[in-house]
Amino acid sequence: MLKWRKLGQIFDPKNYQQTPDWMQEFAQSPSTIVLEEIVRVFFCTRGLPDSKGQYTSRIGYLDLDKKNLLHIKNISQEPAIPLGNLGTFDEFGTYPVSVYKGIKESRMYYTGFTRCESVPFNASIGLAIGNQDGENFQKIGEGPVLSFSPDEPFVLGSPRIRKFNSIWQLWYVAGSEWRDMDLRPEPIYKIRMAVSEDGIHWNKIGKNLIPDKIGAHECQACPDVFYKNGKYHMLFSYREIENYKQKEGGYRIGYASSSNLLDWTRDDSFTYIELSESGWDSEMINYPHVFEVENQVYMLYQGNAMGKEGFGLAVLEPESTWSKS
């Protein structure tokens, strides 16, 4: 079992007095690059809602002390990338985000949001490229690198980027249906995958990777994949289609494993992190991101209300094992 010990809440912009106007609520979808002295955590955040209750999400970052990951050394004062221009796919928000650090550059894959009339939103996946230290990101263009197709008609998002065997691997979710619920339409989306030689032009695998646990209405999100002990491991989030902002229907963390990245066996009991009795992560634990520092495995995750109360850190317990055998 992969057993996680919570180290505490890292960041909630509401607890800081010096955050800029665009960083007032939410700290979502944490994603790291590990540098020489710091761990840079990119995340998605929002200013206060407008007069219609609409939020706009932007990408920021903070720097954690590599020797003490609970200590914040710096918080960005400007968004990592701007919102899109009039009519573009990312005009109204950028969330979630996943960042990969290469030898010469860093790549930021993110979901761009546009607002719609019959349903609340639509989404596609964009790319920005920065320097090795995760700075000076520039979008490669005004359009997405991964968007709709006949069997993925809407809501492409939750990108998680990795590179295995010199091939770019992008896990994401794709919408399959909008359901007209009591308050507003809600999408159903499942985890999928695409591969690429250059990280720009993608070949979609074209199938749902993870079987449902709570029925066909299950929504899955933000699959983070890592390789250990001869196997690929995936941590992801799943939830009900309704009441998902409450404890009963809220996101939980699931687990699946694979030997070839294409065929996955789901076993949520293999990873364990519990809700707190009270506080910022007592109702929801979701959007996991796994990274290593000095041969120690950590997980960042967001908490209650889809990250409205920020994100925290957990460490993999030493008695954890990467295989059942």
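Scroll up for the structure.
Cut-off values and rules
- Residues numbered from 1 in each chain as written.
- Predicted model: local features only at pLDDT ≥ 70, side-chain atom pairs only at ≥ 80, totals over all residues.
- Heavy atoms only, no water.
- Salt bridge = Lys/Arg side-chain N within 4 Å of Asp/Glu carboxyl O.
- Helix = DSSP H or I, 4+ residues; strand = E, 2+ residues; numbered from the N terminus.
- Buried < 20%, exposed > 50% of the residue type's maximum accessible area, 1.4 Å probe, protein only.
- Phe/Tyr/Trp six-rings, centres within 6.5 Å; stacked < 30°, edge-to-face > 60°.

### Side note on the pattern of salt bridges
Where side chains of opposite charge bring their charged atoms close, a pairing between them can arise. One pass over the structure, following the stated rule, counts 19 salt bridges. Among the salt bridges present, the one from Asp90 reaches Lys139, with a minimum N-O distance of 2.8 Å. Of this pair, Asp90 sits in the loop between β5 (68-75) and β6 (94-101) while Lys139 sits in strand β9 (residues 138-139), and the two are 49 residues apart along the sequence. In this structure Lys139 comes out as partly exposed when scored by relative accessible area, which is 23%. Three or more residues joined by partner-sharing salt bridges are found here, namely Asp151, Glu152, Arg192 and Lys204.

### Some details on the packing of aromatic side chains
Throughout the structure, instances matching the rule amount to 23 aromatic pairs. Taking 5.2 Å as the distance between ring centres and 55° as the angle between the ring planes, the aromatic pair formed by Phe11 and Phe43 counts as tilted. With a gap of 32 residues between them, Phe11 in strand β1 (residues 2-11) and Phe43 in strand β3 (residues 38-46) connect regions that are remote in the sequence. The buried category is assigned to Phe11, whose relative accessible area is 1%. Arranged with centres 5.1 Å apart and planes meeting at 65°, the rings of Phe164 and Tyr232 form a pair that is edge-to-face. Of this pair, Phe164 sits in strand β10 (residues 154-164) while Tyr232 sits in strand β15 (residues 231-239), placing them 68 residues apart in sequence. The buried category is assigned to Phe164, whose relative accessible area is 13%. Residue Tyr232 is classed as buried on the basis of its relative accessible area, which comes to 9%. One aromatic cluster is present, built from ring pairs that chain together Phe11, Tyr16, Phe43 and Phe311.

So, to be careful, I would describe these as geometric facts and stop short of saying anything about function.
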